[in-house]
Structures are given as structure tokens and as C-alpha cells.
Amino acid sequence: MRILLFLLTSLMLFACKEEQKQLQDPRDLTDTLQISFLDFKKPEIILTPPTRDAIAGWDELSDLTANIRSLDTVRLQYLRLNSKKYLDNAAALVTKSPDSLINNAIRARLLVVYSKMNTTIQEASKIRVDTLAVSQEGTELYNAFQNLKLQLNLKYQKSIEEILEEYDIEADSLSTARDTLISGRAQRGTLNPIEN
């Protein structure tokens, strides 16, 4: 009788048990999407040769440059999975920047890049991903990085006084070379035309 009661109870428990549904992560639908830069994306700023020379040993900036260049080619899942690497790189850019390269304007641009990196990662990591918001944050991050490069170029550009001084020095050297050439011709003599 006990066996029959046990079987009957077991049968009732299995019959009443609801089938558990597998919950699907909503991010699975957006994992394969990429960030699409929006229309307000700025053109890429090219670093000038003096700027490139000045930042040659700044490894964190070169790492960030690679991250920003690949931003619109990586999938959202990759961005979420590597978010710590991206954020650590942006934080190191702020904290480990060489003092000789930094002024208040550059420091402000570095902080904006860090905060934009953070908000881009946050948008990509939400449970329900708004792809337009991710693209907007990604575009703003790209623009913030271009502003940083512009500020670096401005720090290492020559002033008008320096350009004029270089021009004066070059003009003086050309004038001296011309005077030397003319005086050398005068010493050798000139050719007189043949008269008929």
C-alpha cells in the first residue's frame, strides 16, 4: 500500500509540475550589432609631427587610439566582455599621463574621454540595449578623442612669433647666399657681347 501511495503521490507531483521556461537574455539579440557612428561624427584629426614626437613614449594613448579606431568594427558583445580593458586603458590615460605633456586643457579632454568611454560601456551593457543610445555615446566618445588630439596639436604648434622668426632667419640666409653668388660673378668678370 505504501508503494502505491508513493507512486500515486509522485505521479501527482510530476503531473502538476509546470514546465520551466528558459529565460532568454535580451542582449542576445543585440550582441552581434556594431556601433554605427552618427552624422555628427567629427573628421579625424591628424597629429602633427611635433606632437607625434612629443607623445612617442605615451603607451596609454597609443592603446586608446587603437581602441577608438576599432570602436565601430567590434560587436557589442565584444565591447561588454572587454569593458574592463577599455575602462582601465582610459583610466590609465588620465592617471599615468606624463606631466610634461599635460596642461589643464588636455587634462579636461582626458577626463571627458574617460567619462564618455564609461557611458558607452554602460549603454552597451544594459539588459535592454538601446542601439541608438550606444551609437550616440560611441560617436560622442569618438568626438571627445578627436578633441583631445586637437588639443595636443595646439599645445605643440608654433606661435606666430616663432614662425616669423624662422621666416626672418631663412630670408636672411637666402639673402646672404644671393649676395655671395652675385659677388662671385662680379669677380669672375662678365661676358661682353661680340660687336660686328
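Scroll up for the structure.
Not measured: the values here are computed from a predicted model.

Draft legend 1. Molecular detail of the environment of Leu87. Locating Leu87 in the fold gives a position in helix α5 (residues 83–95). As for Leu87 and Asn118, which are separated by 31 residues in sequence, their C-alpha atoms are 6.6 Å apart. Not counting the four nearest positions on each side in its chain, Leu87 is found in contact with Tyr114, Met117, Asn118 and Ile121.

Draft legend 2. Geometry of the packing of helix α6 (residues 104–125) against helix α7 (residues 131–156). At a closest axis distance of 9 Å, the pairing of α6 and α7 adopts a crossing angle of 165°. Between α6 and α7, the angle is such that the two are roughly antiparallel. Between α6 and α7 the crossing geometry is left-handed. Residues that form the contact of α6 with α7 fall into these classes: 14 nonpolar, five polar and six charged.

Draft legend 3. Inspection of the nonpolar core at higher detail. If you look at the biggest cluster of nonpolar residues, it comprises 32 residues, and the most contacted ones within it are Trp58, Leu61, Leu110, Met117 and Leu148. Per-element tally for this core: the top contributor is α7, with seven residues. Non-local contacts of Trp58, meaning those with residues more than four positions away in its chain, are made with Leu93, Lys96, Ser97, Pro98, Leu101, Ile102, Leu110 and Leu152.

Draft legend 4. Inspection of α6 at higher detail. Over its 22 residues, α6 extends 32 Å from the first C-alpha to the last, a length consistent with the 32 Å expected when each residue adds 1.5 Å. Within the span of α6, buried status applies to Ile106, Leu110, Val113, Met117, Thr120, Ile121, Glu123 and Ala124. Buried residues of α6, seen end-on, are gathered within an arc of 160° and therefore sit on one face of the element. Buried positions along α6 lie against α3 (59–69), α4 (76–81), α5 and α7. Measuring from the side-chain oxygen of the N-cap residue of α6 to the backbone nitrogen of Ala105 gives 3.2 Å; that N-cap residue is Asn103.

Draft legend 5. Structural detail: the pattern of salt bridges. With the rule as written, the count across this model stands at six salt bridges. Across the pair Lys126 and Glu123 runs a salt bridge whose closest N-O atoms are separated by 3.1 Å. Relative accessible area serves as the criterion here: at 39%, Lys126 is assigned to the partly exposed category. For Glu123, a relative accessible area of 15% corresponds to the buried category. Through salt bridges with shared partners, a single ionic network connects Glu44, Arg69 and Lys149.

Draft legend 6. Quick peek at the packing of aromatic side chains. Here the structure, examined in full by the defined rule, presents zero aromatic pairs. Taking the ring centre of Tyr142 as reference, the NZ or CZ of Lys41 above it sits at 4.9 Å.

Draft legend 7. Molecular detail of the packing of α5 against α6. Where α5 contacts α6, the two axes come as close as 9 Å, and the packing angle between them is 170°. With respect to their mutual orientation, α5 and α6 come out roughly antiparallel. The chirality of how α5 crosses α6 is left-handed. For the pair α5 and α6, the contacting residues are Ser83, Tyr86, Leu87, Ala90, Ala91, Leu93 and Val94 in the first and Arg107, Leu110, Leu111, Tyr114, Met117, Asn118 and Ile121 in the second.

Cut-offs used in this document
Residues numbered from 1 in each chain as written. Predicted model: local features only at pLDDT ≥ 70, side-chain atom pairs only at ≥ 80, totals over all residues. Heavy atoms only, no water. Helix = DSSP H or I, 4+ residues; strand = E, 2+ residues; numbered from the N terminus. Contact = heavy atoms within 4.5 Å. Axes fitted to C-alpha atoms, helices over the stretch in contact; angles between N-to-C directions. Parallel < 35°, antiparallel > 145°, perpendicular 65-115°, else oblique. Left-handed = near helix turned anticlockwise from the far one by under 90°. Nonpolar A, V, L, I, M, F, W, Y, C, P; charged D, E, K, R; others polar. Core = buried A, V, L, I, M, F, W, Y, C linked by side-chain atoms within 4.5 Å. Buried < 20%, exposed > 50% of the residue type's maximum accessible area, 1.4 Å probe, protein only. Expected span 1.5 Å × (residues − 1). Arc of directions from axis to C-beta. Polar contact = N/O pair within 3.5 Å; in protein donor to acceptor, adjacent residues only side chain to side chain. Salt bridge = Lys/Arg side-chain N within 4 Å of Asp/Glu carboxyl O. Phe/Tyr/Trp six-rings, centres within 6.5 Å; stacked < 30°, edge-to-face > 60°. Lys NZ or Arg CZ within 6 Å of the ring centre and 35° of its normal.

Remember that the coordinates give geometry; whether it matters functionally is a separate question.
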